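# Topology and contacts: notes
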Amino acid sequence: MSTPQQAAELLKRKQLIEEKLEKTGKKKEYEEFLKKRLIECGWKDEMKKQCMEIIKTKGIEKIKLEDLTEEMMPKGKAMVPETVKNELLQKIQDFIEQDPDYKQQYDFQLNPTHQITTVSYTHLTLPTILLVQISVVAVSLKKK
């Protein structure tokens, strides 16, 4: 369990990392990487399949996009393969290890056991990808 001070420190680190990713354009690069990997591993197809099942079960007229999103968001996050998560986290960690501001501010020691736990792949882009994917499925079914 973390103390309020630890939580504040994690939030501060997370914000610094997010700012660095945004300013350097790495966030967009990593979003594209994640989209590509999710398609390659079949995640997108599985999400579409599950969305369609929910829509068929509840009925296209009775389900709202918000309800579908709420139901699918945790499933989508849980379905991301560990290899994809680890690949993205490694990219973020490699980027941060090269950043002089981060190293200076946090007395960052480069060693093989250091783990960056302040940014999750899901926070970076997965919610956006999930929302778009769920929306695409819902719209395509309404057109039929």
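Note that the structure is predicted; figures quoted are calculated from it, not measured.

This part covers the overall build of the chain. For the chain, the helix and strand inventory stands at eight helices and zero strands. Along the chain, helices (α) and strands (β) appear in the sequence α-α-α-α-α-α-α-α when read from the amino end. The buried share of the chain, reckoned over its 144 residues, is 35%. Long-range contacts, defined as pairs at least 24 residues apart, comprise 80% of the intrachain contacts of the chain with a sequence gap of at least 6.

Inspection of every chain in the model, using the stated rule, returns nine salt bridges. The partner of Glu-32 in a salt bridge is Lys-35, with the nearest N and O atoms 3.4 Å apart. Here Glu-32 and its partner Lys-35 are both found in helix H2 (residues 26-40), three residues apart, which amounts to about one turn of the helix. Between Glu-87 and Arg-37 there is a salt bridge, and its shortest N-O distance comes to 2.7 Å. Note that Glu-87 is positioned in helix H5 (residues 82-97) and Arg-37 in helix H2, a separation of 50 residues in sequence. A residue is classified by how much of its surface remains accessible, and Glu-87, at 30% relative accessible area, is partly exposed. Overall, Arg-37 belongs to the buried group, its relative accessible area being 17%. Taken together, the salt bridges that share partners define one network made up of Lys-36, Arg-37, Glu-40 and Glu-87.

Cut-offs and rules
Residues numbered from 1 in each chain as written. Predicted model: local features only at pLDDT ≥ 70, side-chain atom pairs only at ≥ 80, totals over all residues. Heavy atoms only, no water. Helix = DSSP H or I, 4+ residues; strand = E, 2+ residues; numbered from the N terminus. Buried < 20%, exposed > 50% of the residue type's maximum accessible area, 1.4 Å probe, protein only. Contact = heavy atoms within 4.5 Å. Salt bridge = Lys/Arg side-chain N within 4 Å of Asp/Glu carboxyl O.

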